[in-house]
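Report on the structure
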Amino acid sequence: MNDMRRLERDVDTSDIKISAKGVQVYYGDNHAIKDVDVSIADKTVTAFIGPSGCGKSTFLRCINRMNDTIDVARVEGDIRIDGEDIYDKAVDPVQLRAKVGMVFQKPNPFPKSIYDNVAYGPKIHGLAQNKAGLDEIVEKSLRRAALWDEAKDRLNEPGTGLSGGQQQRLCIARAVATEPEILLMDEPCSALDPIATAQVEELIDELRQSYSVVIVTHSMQQAARVSQKTAFFHLGNLVEYGQTGDIFTNPQDPRTESYITGRIG
Amino acid sequence: MSSFWLFLIIVSLAVIGFFVGTSRAMSVASGDKRKLHSLPSYYGSNIAIFTIVPSFLLLVIWMLAQPLIVSSSVRSHIPADTIDPGSTIGLVMSDVQRLANGLDVAVSQGFMTEEDARSVQAGSSDIRARLGQAGVVLGSSVRPEVLQAAQEYRTMTSTGDMLRAIFVIGIALAGFAYAFRKTSVTFRARNTVEKTIYTLLLGAASIAILTTVGIVLSLIFTTGEFFSIQACLSEVDNYEQTHLAALRAADMNLQNCPLGNVALLDQMTSVTGETFSVTTGDYLSAFADFFFGTTWSPSFGGGSELGILPLLWGTFYISVIALLVAVPIGLFAAIYLSEYASSPVRAFAKPMLEVLAGIPTIVYGLFALLTVGPLLVSAFGDDGALGLNWMQGGTAVMTAGLVMGIMLIPFVSSLSDDIINAVPQAMRDGSLGLGATHSETIRQVVLPAALPGIVGAILLAASRAIGETMIVVLGAGAAARLSMNPFDAMTTVTAKIVSQLTGDADFSSPEALVAFALGMTLFVITLGLNVFALYIVRKYREQYE
Ligand SMILES: Nc1ncnc2c1ncn2[C@@H]1O[C@H](COP(=O)(O)OP(=O)(O)OP(=O)(O)O)[C@@H](O)[C@H]1O
Ligand SMILES: [Mg+2]
């Protein structure tokens, strides 16, 4: 009876964007994600925290099916976006990834010009009517990623020639240029100075107005600053998930508590 | 003592030196490794190096020098009047050496005692028959002075061998002792070993470079000879034209280059009143005839036209067809293998392609001659299936080009495969993560990233196509011709190099020497291509990190 009601509520509340149930991920014999259930709300920022190797990136990659590209990876369970099972045979992963953008943990600009890096997605999906429209998208995306001032005079130089932090922002610009509904960001500020970090956090907050954002971070302060919900992963398990304020002030699980107070990690 | 045994002795001394050095190091450090500058094994290696390197060098030098010294000394003792009019001292010396070796063989196989060998007389016993028993065949009956020289040769050689053994072993022991004495706690054995390894590697590298330089120098030298003959011949033409009447009157008919024939030159000057001399202009016209001449018709009697253009055209045409076949197929195969194929398919297909690369080119030539040529004729030839009558015979540019293309497929595909695999997975992830399809990712990210490397691979394939010989000889025919029809027989630079130098060519004639000029041209072209390819490949490497 109780179960029934909860199910109803899940379906009714239209602001659940991503819902995952019983997700298992195996890399060969390595059981990297163990039975994770999580519901990610629309128009919120959700932070994934947890010690290195606990499976944050792995779970993130399940949401846009990037694990498909890894031969040894095997995903089980049920992941729905807007109620649609993304692992269904009928779903085209290419379509899905256009909707679910991703910023990777390691900056990976293409060996093309800065301009072409940003214009890549819009060009593929035909988002711009003409050159002027494309220019506009590129400028807007670079501005949002706080890279415009540094890059505007060198748009034709290779993106691989930028510094590590600039590359990271270029990848953010590239991802937002395609206008995804969901943005997955894997440690987007790991190589950024405090000013650029603040700008990216501002961007994340701005994106929240229209999208849902999932961000992996090793910085507790950042999770506390930008996110409304926080999920704590440990050894492949989702240990605790709830309002960011609750997680940081009143953790229920002793593992969460020791992680955020710096005792494990 | 034979050089083989000597070598074994040095090596065993070095091995002993290694162990002695190791334990010596331990004992000077009174059993505590940490007191030593280097690990004990370095001290051992140090002794081994000092034992083996100087003595081995001495052995090699001795082995090179001794035969020269001995034979020059023996040669000076052979009286000049004993050499037959038709013979030379060199032939006599080779008789001497053969006899001396024959005696050695006979002694070592037990048909003669050492005493016998030393005391044989040319007349008293029939040496030929006795050596024949030992399996040594001598051409003519042995003359006393040859026998005497051979005996001298043997004595000198055996004394030399003995001295060699003494010196080499002496040096080895000296090196051993020297390095042993140097073994102390503070001695930097590790650095010495490091230096030796460095020298060894440097030596290997310099041998490779020196060989290249040697090859190039010999090519340049003979090419220069070719052009000076051609320049001289062109001056002969000029000279004949201007002094036609005078030369006719004197009944002189110049054909070869008169340089070097002083009497003839003097005669020419007195007949015509003009000294014969080769000018820069003649060189220029020789260069022009060679590099811009459109006819290739060598004739060993003289009056050949040696223009390289028809050959370059053939080379170019065949290579282009080969690349048109090899590049798309090879590249697509590489893309399939590296991007799409499942690992079982790859495990099967890659070795198959590599087998294709291992087939000797002569086999491809046979394939061209026996299969592809007739097949093409049956389609494009007289009464062919298409009724086109474009092709006269099985040997044609198309035949050779197609087969050469097949030969190059694995070359292009395995190089491109490596290059495509070197594009980081993160690059593909980035594109896929933006919602690009697999083939969009390949076209827009992977191939552009790999492009410089692929271009390099294609250029390397091109320089192989240009240098290929056997397929051309069997598949394209031997006619040098400037034609646009790909079904005509044509020939290439390499094929002509072979045909100019095979048979009983006179190596001082321009018709034979032209082969070196052709080789030099080809070398410059392929070198240029390779340098360009390497430049591009290297530039590509800098792109990631
Ligand atoms: N491509 C892969 N192949 C095999 N195993 C993998 C692969 N990627 C990750 N793993 C394994 O899965 C586990 C979780 O890795 P994951 O990258 O998700 O960790 P993470 O939480 O993102 O860590 P970090 O904070 O260091 O990025 C690890 O044990 C890792 O070894
Ligand atoms: Mg990670």
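Residues numbered from 1 in each chain as written. Chains lettered and ligands numbered in written order. Predicted model: local features only at pLDDT ≥ 70, side-chain atom pairs only at ≥ 80, totals over all residues. Heavy atoms only, no water.

Regarding the coordination of the magnesium ion (ligand 2)
Defined as follows: Metal sites are built from N, O and S donor atoms within 2.8 Å, or 3.2 Å for Na, K and Ca, and they leave out water, so they may look incomplete. Runs of H or I in DSSP of at least four residues are treated as helices and runs of E of at least two as strands, each being numbered from the N terminus.
For the magnesium ion (ligand 2), the full set of protein donor atoms is A:Ser57 (OG) and A:Gln105 (OE1), and the range of their distances to it is 1.9 to 2.3 Å. Here A:Ser57, found in helix 2 (residues 56–63), pairs with A:Gln105, found in the loop between strand 6 (100–103) and helix 4 (114–125); they are 48 residues apart in sequence, far enough to count as distant.

Digging into the nonpolar core
Test applied: Residues belong to one nonpolar core when they are buried, are Ala, Val, Leu, Ile, Met, Phe, Trp, Tyr or Cys, and are joined through side-chain atoms within 4.5 Å. Throughout this description, buried means an accessible area under 20% of the type-specific maximum (1.4 Å probe, protein chains only), exposed means over 50%, and partly exposed covers the range between. Where each domain begins and ends follows an automated or database-derived domain assignment. Contact definition: two residues touch when any of their heavy atoms are within 4.5 Å.
Within the largest apolar cluster, 59 residues are counted, with the highest numbers of intra-cluster contacts made by B:Phe226, B:Phe290, B:Met404, B:Leu408 and B:Leu518. Of the residues that make up this core, three or more belong to each of domain 2 (217–286) and domain 3 (328–475 + 532–543) of chain B. What B:Phe226 contacts, discounting residues up to four positions off in sequence, is B:Phe290, B:Leu306, B:Pro510, B:Leu513, B:Val514 and B:Ala517. The next biggest cluster of nonpolar side chains, apart from the first, holds 44 residues, and it includes A:Ala119, A:Leu192, A:Ala196 and A:Tyr259.

Description of the site of ligand 1
All names here are of chain A. To keep things clear, this is the line we draw: The rule for a residue being near a molecule or strand is that one of its heavy atoms must lie within 4 Å of it. The classification used treats Ala, Val, Leu, Ile, Met, Phe, Trp, Tyr, Cys and Pro as nonpolar, Asp, Glu, Lys and Arg as charged, and all other residues, Gly among them, as polar.
Lining the immediate surroundings of ligand 1 are 14 residues, of which Ser52, Ser57, Thr58, Gln105 and His218 lie closest. Among the elements of the structure, strand 2 (30–41) and helix 2 are those that each provide at least two residues to the shell around ligand 1. Among the elements that take part in the shell around ligand 1, helix 2 stands out by supplying three residues, more than any other. For the shell around ligand 1, the residue count by class is four nonpolar, eight polar and two charged.

Considering the domain arrangement of chain B
Entries for chain B in the domain assignment read domain 1 (3–187), domain 2 (217–286) and domain 3 (328–475 + 532–543). Look at where the C-alpha atoms of domain 2 of chain B and domain 3 of chain B centre, and you get two points 51 Å apart.

Observations concerning a nonpolar patch on the surface
Definition in use: Note that patches include only residues with greater than 30% relative accessible area and no salt bridge, and the join distances are 9 Å for like charges and 5 Å for nonpolar side chains (Val, Leu, Ile, Met, Phe, Trp, Tyr). Residue-level accessible areas treat just the shown protein chains as cover; the underlying method is Shrake-Rupley with a 1.4 Å probe. Counted as salt bridges are all cases of a side-chain nitrogen of Lys or Arg within 4 Å of a carboxyl oxygen of Asp or Glu.
On the surface, B:Tyr283, B:Leu284, B:Phe287, B:Phe291 and B:Phe292 cluster together to form a nonpolar patch covering roughly 490 Å² of accessible area. Among the structural elements, B:Phe291 can be located in helix 10 (residues 280–292).

With respect to the packing of aromatic side chains
For clarity, the threshold we go by: Pairing of aromatic rings covers Phe, Tyr and the six-membered ring of Trp, with a centre-to-centre limit of 6.5 Å; geometry is then stacked below 30 degrees between planes, edge-to-face above 60, and tilted otherwise. Note on criteria: charge over ring means Lys NZ or Arg CZ within 6 Å of the ring centre, with the direction from the centre no more than 35 degrees off the ring normal.
Here the structure, examined in full by the defined rule, presents 24 aromatic pairs over all chains. The interplanar angle of 35 degrees and the centroid separation of 5.0 Å between the aromatic rings of A:Phe232 and A:Tyr259 together place this pair among those described as tilted. Residue A:Phe232 is located in strand 9 (residues 229–234), and its partner A:Tyr259 is located in helix 11 (residues 254–260); the two are separated by 27 residues in the primary sequence. Classification of A:Tyr259 as buried rests on a relative accessible area of 8%. One cation-aromatic arrangement involves A:Arg74 over A:Tyr26; the distance from NZ or CZ to the ring centre is 4.5 Å. If you follow B:Arg464 out to its NZ or CZ, it ends over the ring of B:Phe411, 5.1 Å from the centre.

A closer look at the sheet that holds strand 9 of chain A
Residue and element names in this part refer to chain A. To keep it simple, the criterion reads: In this scheme, strands are said to pair when DSSP sees at least two bridges between them. Axis geometry follows a simple rule: fit a line to the C-alpha atoms, using only the stretch in contact for helices, then measure angles between N-to-C directions, giving values from 0 to 180 degrees.
Spatially, the six strands line up as an open sheet ordered 6-7-8-3-9-10, and their pairing is mixed. Across the chains shown, the open sheet's two edge strands, defined by having one partner strand only, are strand 6 and strand 10 (237–243). Within the sheet, the average angular offset between the axes of one strand and its neighbour, ignoring direction, is 15 degrees. In terms of strand pairing, strand 6 meets strand 7 (residues 182–186) through four bridges, oriented parallel. Each bridged residue has a counterpart across the sheet, and for Val100 the counterpart in strand 7 is Ile182.

Re the interface of chain B and chain A
Counted only if it meets this: The term buried area means the drop in 1.4 Å probe accessible area that two parts suffer when joined, counted for both and summed. By the criterion applied in these results, polar contacts are pairs of N or O atoms within 3.5 Å in which, for protein atoms, one can donate a hydrogen and the other can accept it, and in which residues neighboring in sequence qualify only through two side-chain atoms.
Each side of the interface is counted separately: chain B has 20 residues, and chain A has 22 residues. Around 1,600 Å² of area is buried between chain B and chain A when both sides are counted, 64% of it from carbon and sulfur atoms. With a closest N to O distance of 4.0 Å, B:Asp429 and A:Arg61 form a salt bridge. At the boundary of chain B and chain A, one finds four residue pairs in polar contact (both at pLDDT 80 or more). If you list the elements that add at least two residues to the side of chain B that touches chain A, you get helix 15 (425–433) and helix 16 (438–467) of chain B. At eight residues, helix 15 of chain B tops the list of elements feeding residues into the side of chain B that touches chain A. Here the side of chain B that touches chain A is built from residues that sort into nine nonpolar, nine polar and two charged.

Considering the environment of B:Ile127
Residues and elements named next belong to chain B. In this fold, Ile127 is placed in helix 5 (residues 127–133). A residue is classified by how much of its surface remains accessible, and Ile127, at 2% relative accessible area, is buried. Sequence spacing of Ile127 and Leu138 is eleven residues, and the spatial spacing of their C-alpha atoms is 9.2 Å.

A few points about the pairing of strand 2 of chain A
Sheet topology note: the strand 1 (residues 16–27) of chain A/strand 2 of chain A ladder contains eight bridges and is antiparallel. From the neighbouring strand, A:Ile18 faces strand 2 of chain A, where its bridge partner is A:Ile40.

A few points about the confidence of the model for chain B
Residue and element names in this part refer to chain B. Heads up, the condition is: The quantity called pLDDT is the predictor's confidence in a given residue, expressed from 0 to 100.
Per-residue pLDDT for chain B has a mean of 86; in total, 96% of the residues score no lower than 70. Across chain B, element-level confidence peaks in helix 11 (residues 309–340) with a mean pLDDT of 94 and bottoms out in helix 5 with 73. Interface confidence in the predicted complex, given as ipTM, is 0.89; pTM for the same model is 0.75.

Some words on the sheet that holds strand 2 of chain A
Residues and elements named next belong to chain A. The strand order across the open sheet built from four strands is 2-1-4-5, with neighbouring strands paired in antiparallel fashion. Looking along the sheet, the strands with just one partner apiece sit at the ends: strand 2 and strand 5 (84–85). Bridge analysis of strand 4 (residues 73–81) against strand 5 gives two bridges, and the strand direction is antiparallel. Its bridge partner lying in strand 5, Ile81 is registered against Glu84. Relative to the sheet, helix 2 contacts strand 1, strand 2 and strand 4, its axis offset from that of strand 1 by approximately 120 degrees.

A look at the pattern of salt bridges
Residues and elements named next belong to chain A. For the coordinates displayed, the defined rule picks out 25 salt bridges over all chains. For the salt bridge of Glu139 with Arg143, the shortest nitrogen-to-oxygen distance reads 2.8 Å. Taken together, the positions of Glu139 and Arg143, both in helix 5 (residues 131–144) and four residues apart, correspond to about one turn of that helix. With relative accessibility at 47%, the residue Arg143 sits in the partly exposed group. Salt-bridge contacts for Asp205 lead to Arg208; the nearest nitrogen and oxygen are separated by 3.5 Å. Shared partners join several salt bridges into a network, and the residues in it are Lys17, Asp82 and Glu181.

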